[in-house]
Amino acid sequence: MAKNIEAIDVNVYYSSFLAVEDINMEIEPNAVTAFIGPSGCGKTTFLRTMNRMIETIPGGRVEGQLMMNGENTLAAGVDPVAVRRDVGMVFQRPNPFPTMSIFDNVVAGLKLNGERNKSTLAEVAERALRSANLWEEVKDRLDRPGAGLSGGQQQRLCIARAIAVSPDVILMDEPCSALDPISTLAIEDLITELKTEYTVVIVTHNMQQASRVSDTTAFFNIAGVGQPGQLIEMGPTQKIFSNPDEPATEDYISGRFG
Amino acid sequence: MTAFYPPDTKPSQKSRSTGRGGDRAVAFLTSSAGIAIIVTVVLVGVFLLWQAIPSVMADQVSFLFSREWDVSDTDDLRFGILDLLYTTVLSSVFAMALAVPVAIGIALYITQYAPLKLAKPVAYVVDLLAAVPSIIFGLWGIIVLAPVIQPVATFLNSTLGWFPLFGDGIKSPGTVFTAGVVLAIMILPIITAISREVVDQTPLLNKEAALALGATKWEAIKMVVLPFGKPGIISASMLGLGRALGETIAVMIILSKPAPNADFNPSLFAGGETFASKIANNAAEFDSPEKTGAYIAAGLVLFILTFVVNAIARWVINRRKEYSE
């Protein structure tokens, strides 16, 4: 079930360095939200607080509240591992497990959750691969290594792996930056389809991509090197790209900096 | 070829020949190094065969299946390697069984769990173990370690004594058990060092994939780190095994030689001789080509054994090659 996300006064630190400052935003369910902004502005850092991956980095630490359907996933008693089971992630570079077959890659998350029933696994694998628009290409070689696929196929395999566990939210960290234009198009189509079932948040450096796939756009920026990243403006994608409120947003999307 | 370059831009013969001269020299040096190692291995094999065959032909008992070893009468050579093979394999496999889990544990601790400040010193101390000469390991093993692990041996013998491997042995501390424990410590550094290296190469991207799926740290290690490191850990273990099979001095000091014609005892708590310790123990006897040949034949079997171990390791690693990028 797609969940609504609300960030309240979120600050992210790497040890004592404040990387992202005072994020307040609301992310709609069943919609694609794009994070844009220059490098180092904290988009990815903030994305990674949403599945608490930030805490796997030595020194990574978060303050504030991140509500998912009203529950604070940053609260003291919440297990980061449990959060990650509900919040899937797709990374910048395709990263299928190199030692696993295509099939085992897709069901890796299910197996973690203790699912052992072969027919259930097969069923879910097919459904996930179909949703990821990969089924037709790999159905005859599910037992082959996942690393043997092309880059675009690998990324769709990673998306299948993320949705196989039926998460509530899917985070995508520049999912197309390592792909060719045709694979990019395939992933973008897929992103649009995914929002019918999930809350999708995507970090992208590609302005056209943000305007093509997202419903809402959030613009992040930094005041300078060593300064924390901040959320400058957030709104419907059309408005951000045609008539933003902030001059900094206008400068960025029109290519004047960044 | 010449048509490729427009006439006026063709590189001058001089500069080309300099470059090629350097290439030729390096190519010659590297290929001679490569060929030299092959030739050396072949020559060692040929030497062993050439020295061993006459004695094995003159052997009055089965070379492979006899337990006898009496080469004092050169006209009546009676030698078989069965006991040597058993003790060699038993002590080495036992050492592996002890060392590999510990080595993997240390490698995982250093690369995955230890805080950076601690990881380096721990790795350094393990490496330092490799610098201890084997004679020291032998002395320490028999004098210091053997009494300390004696209670363990007694316990295993009294609880699992019905199993031949843990059956009654000898009173002296010079058992295969002691030798195996010392061998385990001796091969620990090499297995740890290589396992640590390969495990450390696990792409962060893959570890993150597992964590992002909701894996705990240990689950991520099981899903990603260990499968990724597996071929390397296997080769590391085989290198360790190879070292254990051939270890001479430490084993020679520790193992009690059984009395001639003693009954075969499969127990870890019995004494015995390995190929290497047998040869070293009897180095004084190499006074005739017939006797020498008998020992060289034993050495040849050791040579083949390590070869087979390495071949198996290669095979295991190659079987899953397509899965390891």
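None of the values given here were measured: they were computed from a predicted structure.

## Observations regarding the side chain of Gln155 of chain A
Residues and elements named next belong to chain A.
Item 1. Relative to the helices and strands, Gln155 is located in helix α6 (residues 151-163).
Item 2. Relative accessible area serves as the criterion here: at 0%, Gln155 is assigned to the buried category.
Item 3. Excluding its chain neighbours within four sequence positions, the residues that come into contact with Gln155 are Val90, Phe91, Gln92, Arg93, Pro94, Pro175, Leu179 and Ile187.

## Description of helix α5 (residues 176-200) of chain B
All names here are of chain B.
Item 1. For α5, built from 25 residues, the straight-helix expectation of 36 Å at 1.5 Å per residue is met to within 8% by its first-to-last C-alpha distance of 34 Å.
Item 2. In the structure, α5 departs most strongly from a straight axis at Ile187, where the bend amounts to approximately 40° and where the proline Pro189 lies between one and four residues downstream.
Item 3. The element α5 is largely enclosed, with a buried count of 19 among its 25 residues.

## A look at the nonpolar core
Residue and element names in this part refer to chain B.
Item 1. Membership of the largest hydrophobic core comes to 65 residues, with the highest contact counts inside it found for Trp69, Phe79, Ile81, Phe177, Leu268 and Phe275.
Item 2. Broken down by element, this core gets its largest block of residues, 12 residues, from helix α10 (residues 289-319).
Item 3. Among all residues touching Phe275, those that are not within four sequence positions of it are Ile81, Leu84, Leu85, Thr88, Ala298, Val301, Leu302 and Leu305.

## Points about the interface of chain A and chain B
Item 1. Each side of the interface is counted separately: chain A has 27 residues, and chain B has 20 residues.
Item 2. Interface area lost by chain A to chain B is led by Pro98, Thr99 and Leu112 of chain A, which between them contribute 30%.
Item 3. A salt bridge links Arg48 of chain A to Glu208 of chain B; the nearest nitrogen and oxygen atoms lie 2.8 Å apart.
Item 4. One can count 4 residue pairs in polar contact (both at pLDDT 80 or more) joining chain A with chain B.
Item 5. When residues of the side of chain A that touches chain B are traced back to their parent elements, those giving at least two are α2 (80-86), β6 (87-90) and α3 (102-112) of chain A.

## Brief notes about a negative patch on the surface
Residue and element names in this part refer to chain B.
Item 1. On the surface, a cluster of negative charge is made up of Asp70, Asp73, Asp75 and Glu290.
Item 2. By secondary structure assignment, the location of Asp75 is in the loop between β1 (69-70) and β2 (78-79).
Item 3. Here Asp75 falls in the exposed class, since its relative accessible area comes to 70%.

## Description of the pattern of salt bridges
All names here are of chain A.
Item 1. Following the criterion strictly, the structure yields 20 salt bridges over all chains and no others.
Item 2. Of the charged contacts in the structure, one is a salt bridge between Arg52 and Glu55, with a shortest N-O distance of 2.7 Å.
Item 3. Look at Glu55 and you get partly exposed, because its relative accessible area is 30%.
Item 4. With a closest N to O distance of 3.8 Å, Glu136 and Arg130 form a salt bridge.
Item 5. Accessibility expressed as a relative area gives 43% for Arg130, which makes it partly exposed.
Item 6. Salt bridges here are not isolated pairs; linked through shared partners, they connect Glu126, Arg130, Glu136 and Lys139.

So, how was this worked out
- Residues numbered from 1 in each chain as written.
- Chains lettered and ligands numbered in written order.
- Predicted model: local features only at pLDDT ≥ 70, side-chain atom pairs only at ≥ 80, totals over all residues.
- Heavy atoms only, no water.
- Helix = DSSP H or I, 4+ residues; strand = E, 2+ residues; numbered from the N terminus.
- Buried < 20%, exposed > 50% of the residue type's maximum accessible area, 1.4 Å probe, protein only.
- Contact = heavy atoms within 4.5 Å.
- Expected span 1.5 Å × (residues − 1).
- Bend = angle between axes of the 7 residues up to and from the residue.
- Core = buried A, V, L, I, M, F, W, Y, C linked by side-chain atoms within 4.5 Å.
- Buried area = accessible area lost by both parts, 1.4 Å probe.
- Salt bridge = Lys/Arg side-chain N within 4 Å of Asp/Glu carboxyl O.
- Polar contact = N/O pair within 3.5 Å; in protein donor to acceptor, adjacent residues only side chain to side chain.
- Patch = residues over 30% accessible without salt bridge, like charges linked within 9 Å, V, L, I, M, F, W, Y side chains within 5 Å.
- Areas by Shrake-Rupley, 256 points an atom, 1.4 Å probe, with all protein chains shown as cover.
- Lys, Arg positive; Asp, Glu negative; His and termini not counted.
- Charge placed at Lys NZ, Arg CZ, Asp CG, Glu CD.

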